[in-house]
Amino acid sequence: MRTSAGPHAAYVRYVMLILIALALCVLQYGAFARWITGPDLLLAFAAWAMVDGPEDGMVLRAWLIGLVADMIDPGSICFHALTFLFLGVAYLPLRSVIFRSRITGWGAWAMIGSLTCNLIDGWVAGFGDATGWTMLVSGLWTALAAMAMGWLFRGLPIALQPVGKGGA
């Protein structure tokens, strides 16, 4: 049985958001570090948090996840925080178009975000071994990861959910 969240729910949500982002960082920059076509787990988490959560605090959630990524990523200073912030601001006018509580909305925004971040990263730091195909495959994996995270995290008890109910 779900009950309404208490007065400290917002603080608990941000703590959970940061803890989950830290756990995803361990996977992203540890086990998945050498997988060039692998998913961007933090971007998938941020995309789900942007799409499924309420508009209030949406840009802050995206920025926080990016900030956590920048603190752990050995090759990043402020890239994730700025690109996730950009994606959060860019998503604001699209909120009325994308189905927020649907798995396709989570995946679509994760795919768009992945391709955008890969192109910006390639433009800023060089593409290295990345090709159009590797970026596309990585975007597809990121979309699937966002869908899985959305399904998984929406099943948490309401007091432990990192994002409040905001779906359409």
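Everything below is about the structure shown above.
Only a predicted model underlies this, so the values are computations on that prediction, with no experimental measurement involved.

**Student:** Explain the packing of helix α2 (residues 41-52) against helix α5 (residues 103-125) residue by residue, including any values.
**Tutor:** Following both chains from N to C, one finds α2 and α5 inclined at 130°, their axes separated by 8 Å at the closest point. In terms of orientation, α2 and α5 fall into the oblique class. The crossing of α2 and α5 is right-handed. Taking contact as the criterion, the partners of L43, A47, W48, M50, V51 and D52 in α2 are, on α5, G105, W106, W109, A110, G113, S114 and C117. Grouping the amino acids of the contact of α2 with α5 by side-chain chemistry returns nine nonpolar, three polar and one charged.

**Student:** Just give me the short version of a nonpolar patch on the surface, but keep the residues and values in it.
**Tutor:** A contiguous nonpolar surface patch, about 740 Å² in accessible area, is contributed by V15, I18, L19, L22, L60, W63, L67, M71 and I72. Put simply, the parts of the chain that give the nonpolar patch at least two residues each are α1 (9-31) and α3 (58-72). Counting residues per element, the nonpolar patch draws most heavily on α3, at five residues. Checked against the element boundaries, L60 lands in helix α3.

**Student:** So what's going on with the pattern of salt bridges? Which residues, and what values?
**Tutor:** Under the defined criterion, the tally for this structure stands at one salt bridge. Here R154 ties to D52 by a salt bridge, and the two come within 3.3 Å at their closest N and O atoms. You can see R154 sitting in the segment after α6 (132-153) and its partner D52 sitting in helix α2, a full 102 residues away along the chain.

**Student:** Describe in detail the packing of α2 against α3, supporting the description with residues and values.
**Tutor:** Their axes nearest at 9 Å, the elements α2 and α3 cross at an angle of 170°. Judged by the angle between their axes, α2 and α3 are roughly antiparallel. Contact with α2, carried on its side by L42, F45, A46, A49 and M50, involves M58, R61, A62, I65 and A69 of α3 and no other residues of that element. Of the residues in the contact of α2 with α3, the class split is nine nonpolar, no polar and one charged.

**Student:** Give a detailed account of helix α4 (residues 79-91), specifying residues and quantitative values.
**Tutor:** For α4, spanning 13 residues, the distance from its first C-alpha to its last is 18 Å, which sits close to the expected 18 Å at 1.5 Å a residue. Every buried residue of α4 is accounted for by H80, A81, T83, F84, L87, G88 and Y91.

**Student:** How would you explain the nonpolar core if you had to name every residue and give the values?
**Tutor:** Of all hydrophobic cores here, the largest spans 36 residues; its most connected members are L42, F45, M50, I65, F84, W109 and M149. Looking at this core, the elements with two or more residues in it are α1, α2, α3, α4, α5 and α6. Examining the composition of this core, we find that eleven residues originate from one element, α2, more than from any other. The contacts of F84, once residues within four sequence positions are left out, are L42, L43, A46, A62, I65, G66 and C117.

**Student:** Please provide a residue-by-residue account of α2, values included.
**Tutor:** Spacing of three or four residues puts side chains on the same side of an α-helix, whose turn is 3.6 residues. Between its terminal C-alpha atoms α2 stretches 16 Å, which fits the 16 Å expected from twelve residues at 1.5 Å a residue. When you tally the buried positions in α2, you get twelve out of twelve residues, the bulk of the element. All of the buried residues along α2 are L41, L42, L43, A44, F45, A46, A47, W48, A49, M50, V51 and D52.

Procedures and definitions
Residues numbered from 1 in each chain as written. Predicted model: local features only at pLDDT ≥ 70, side-chain atom pairs only at ≥ 80, totals over all residues. Heavy atoms only, no water. Axes fitted to C-alpha atoms, helices over the stretch in contact; angles between N-to-C directions. Helix = DSSP H or I, 4+ residues; strand = E, 2+ residues; numbered from the N terminus. Parallel < 35°, antiparallel > 145°, perpendicular 65-115°, else oblique. Left-handed = near helix turned anticlockwise from the far one by under 90°. Contact = heavy atoms within 4.5 Å. Nonpolar A, V, L, I, M, F, W, Y, C, P; charged D, E, K, R; others polar. Patch = residues over 30% accessible without salt bridge, like charges linked within 9 Å, V, L, I, M, F, W, Y side chains within 5 Å. Areas by Shrake-Rupley, 256 points an atom, 1.4 Å probe, with all protein chains shown as cover. Salt bridge = Lys/Arg side-chain N within 4 Å of Asp/Glu carboxyl O. Expected span 1.5 Å × (residues − 1). Buried < 20%, exposed > 50% of the residue type's maximum accessible area, 1.4 Å probe, protein only. Core = buried A, V, L, I, M, F, W, Y, C linked by side-chain atoms within 4.5 Å.

Worth remembering: the numbers are spatial, not functional.
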